[in-house]
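An overview of the molecular structure
Each chain is listed here by its residues.
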Amino acid sequence: MKRALVAGAVVTVFLLSILAMAGFNKERQVGRKPNILLIMADDMGFSDLGCYGGEIHTPNLDFLARNGLRYTQFYNTSRCCPTRASLLTGLYNQQAGIGKMTDAEDEPGYRGYMTDNTVTLAEVLKSAGYETAMTGKWHVSNTNVQKNPQDQLDWLNHRKDYGDFAPISQYPTSRGFDRYFGNIWGVVDFFDPFSLVSGTKPVRQVPTTYYHTDAISDTAVAYINSFAKTPAPFFLYVAETAPHWPLMARSEDIATYKDTYRAGWEAIRQARYRKMVRLGLIDPAKTKLTDRWQKEQSWEDNPDKAWDARAMAVHAAMIDRMDQGIGRMINALRQTGQLDNTLILFLSDNGASPENCAAYGPGFDRPNRTRDGRAIDYDLKKRIMPGAETSYASIGERWANVANTPYRYWKAESYEGGIHSPLVACWPKGITAPKGSFSAQVSHVMDFMATVTELAGAVYPTTYRGHAITPTTGISLVPSFRGKTAPGHETLFNEHFGARYARSGPWKLVSASRDSTWKLFNLDTDKAETQDLAAQHPDKVRQLADLWQQWASTHQVFPKPTRKN
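1. Focus on the overall build of the chain
- For the chain, the count of helices and strands is 15 helices and 17 strands.
- Radius of gyration (C-alpha) of the chain: 23 Å, near the 24 Å computed for a compact globule of 565 residues.
- In terms of its C-alpha atoms, the chain occupies a principal-axis envelope of roughly 90 × 55 × 50 Å.
- Counting every position in the chain, which comprises 565 residues, the buried fraction comes to 60%.
- At a minimum sequence separation of 6, the contacts of the chain that also span at least 24 residues come to 75%.
- Taken as two groups, the 65 positive and 58 negative side-chain charges of the chain have centres that lie 4 Å from each other.

Here you go:
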């Protein structure tokens, strides 16, 4: 009896302490600047999420969508590191020094790292009293590559150590982040990632049970719990590596989708399209479902059905696991009394990837053996089922086309399938627009700078550390949070490896990376870019082509392809 009373007293004290802490946290939120949690997926398709039409289980992101806003005209810069540069600096990516990838080139817009004319979200928010942290993929610094290919492979295989993965001056902790855990480079083995660091210190060993998406999520949760102990607001940037290739997932997550994609490409596309219409994301009169990529190959006659279904199942499993981690972040915010006053933003850095990473083979950022010496297969004949650490595989063009339903093309292109990103915003205390509604504001990843600067009461500087800072041309999303109709950007532009576009109002002029011929579309009536109007409107083609050329000339963009009207 006595033990029961003591145990009951201990439980009572524990519960009272929890309630007191919750009350303290609730009181602490009154009049406080909002926390900001910015989460970005890597190579996720426009319609992969459940709340954007997909069949993948994403209950936590769906929860944020039901209680917040979804954007229907939000744009990225079509690839991993350029989008990250634009997101972090509030500039077009060439202005920030990353016009292509992270290789250093002797041109101002192509230095391969964020140059001295930039400030990051973390640097600006620190000036407004924010604690800052990041976990996940950095990919905006020059990569230190070994000249000898075998040395590079030995480094990738965790056999030798060649020091820092990039100049320390370009690491996150040198660009405004107080704390950082993640991968400095882009591509990772999800079970044993290369270029993993804590702060600036390399993480030389990981547990045998390690999975990178879980580590990113667990670190984010630890940061959130730590932030709850201080009076300062926080900015946390979670840069997921999922679902970027290689296709690697936990077996229990893959099992969830073992039968899902046996229906094939067309069936999944049609189901997604119908769901998007039902959700109100698209108007079928204005957004047609484009023809399936390489539709001459039917699923029924596909000799690789089993492999292809498994590949998309792994892709789905990677997104599912990411969503599970986001659920833990939401729960940590809720338990520490911080959820109501935290703006959560979720997006993808570009459209789904069409790449066949098996064709690349080992080298640069791709190992040929695991740490314990097992050979890694780059299987071009689809004989080895994807999902394990010993296989480097990707979903390919046809599934990328499905993942980007209903739009054309994919990552690296300037068509809507490459640059049109889902964006979910949830902030219980601050978003007064109807829950679950949509915003058609024409928005861009550069807009996060203007948005958080406004919310934090921060000042975007004209100079920083003795350097002149390029003014941001981003437009705040805050009016859309309040349910106001805001047009957003009147003009937007892009260039990446020859793929480019100019948008002015509803008109969009676009060319593909392998075909510099301009195509013209009216997005008011044809958001999926199915009807080329260039022949009917040559004056509009010339007008937009001139606008693109002016933008390229003033934003450090090269090369400047010869215009074809």
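2. Remarks on the sheet that holds strand E15 (residues 499-504)
- Taken in spatial order, the 4 strands make up an open sheet running E14-E15-E16-E17, and their pairing is antiparallel. Both edges of this open sheet fall to strand E14 (491-496) and strand E17 (515-522), since each of them pairs with a single strand only. In this sheet, adjacent strand axes meet at a mean angle of 10 degrees when their direction is disregarded.
- One ladder, built from 6 bridges, connects E14 with E15; its direction is antiparallel. Across the sheet, the residue bridging to His-496 is Ala-499, located in E15.
- In the packing of helix H15 (residues 538-554) onto the sheet, contacts are made with E14, E15, strand E16 (507-512) and E17, and the angle to E14 comes to roughly 70 degrees.

3. Looking at H15
- Helix length check: H15 (17 residues) gives 24 Å between terminal C-alpha atoms against 24 Å at 1.5 Å per residue, within 8%.
- Within H15, burial applies to Val-541, Leu-544, Ala-545, Trp-548, Trp-551 and Ala-552. Summarising the axial view, the buried residues of H15 lie within an arc of 120 degrees, below the 170-degree limit, and thus occupy one face. Relative to its buried face, H15 has exposed residues pointing more than 90 degrees away, namely Asp-539, Gln-550, Ser-553 and Thr-554.

Cut-off values and rules
Residues numbered from 1 in each chain as written. Predicted model: local features only at pLDDT ≥ 70, side-chain atom pairs only at ≥ 80, totals over all residues. Heavy atoms only, no water. Helix = DSSP H or I, 4+ residues; strand = E, 2+ residues; numbered from the N terminus. Rg over C-alpha atoms; globule rule 2.2 N^0.38 Å. Buried < 20%, exposed > 50% of the residue type's maximum accessible area, 1.4 Å probe, protein only. Contact = heavy atoms within 4.5 Å. Lys, Arg positive; Asp, Glu negative; His and termini not counted. Charge placed at Lys NZ, Arg CZ, Asp CG, Glu CD. Pairing = 2+ DSSP bridges. Axes fitted to C-alpha atoms, helices over the stretch in contact; angles between N-to-C directions. Expected span 1.5 Å × (residues − 1). Arc of directions from axis to C-beta.

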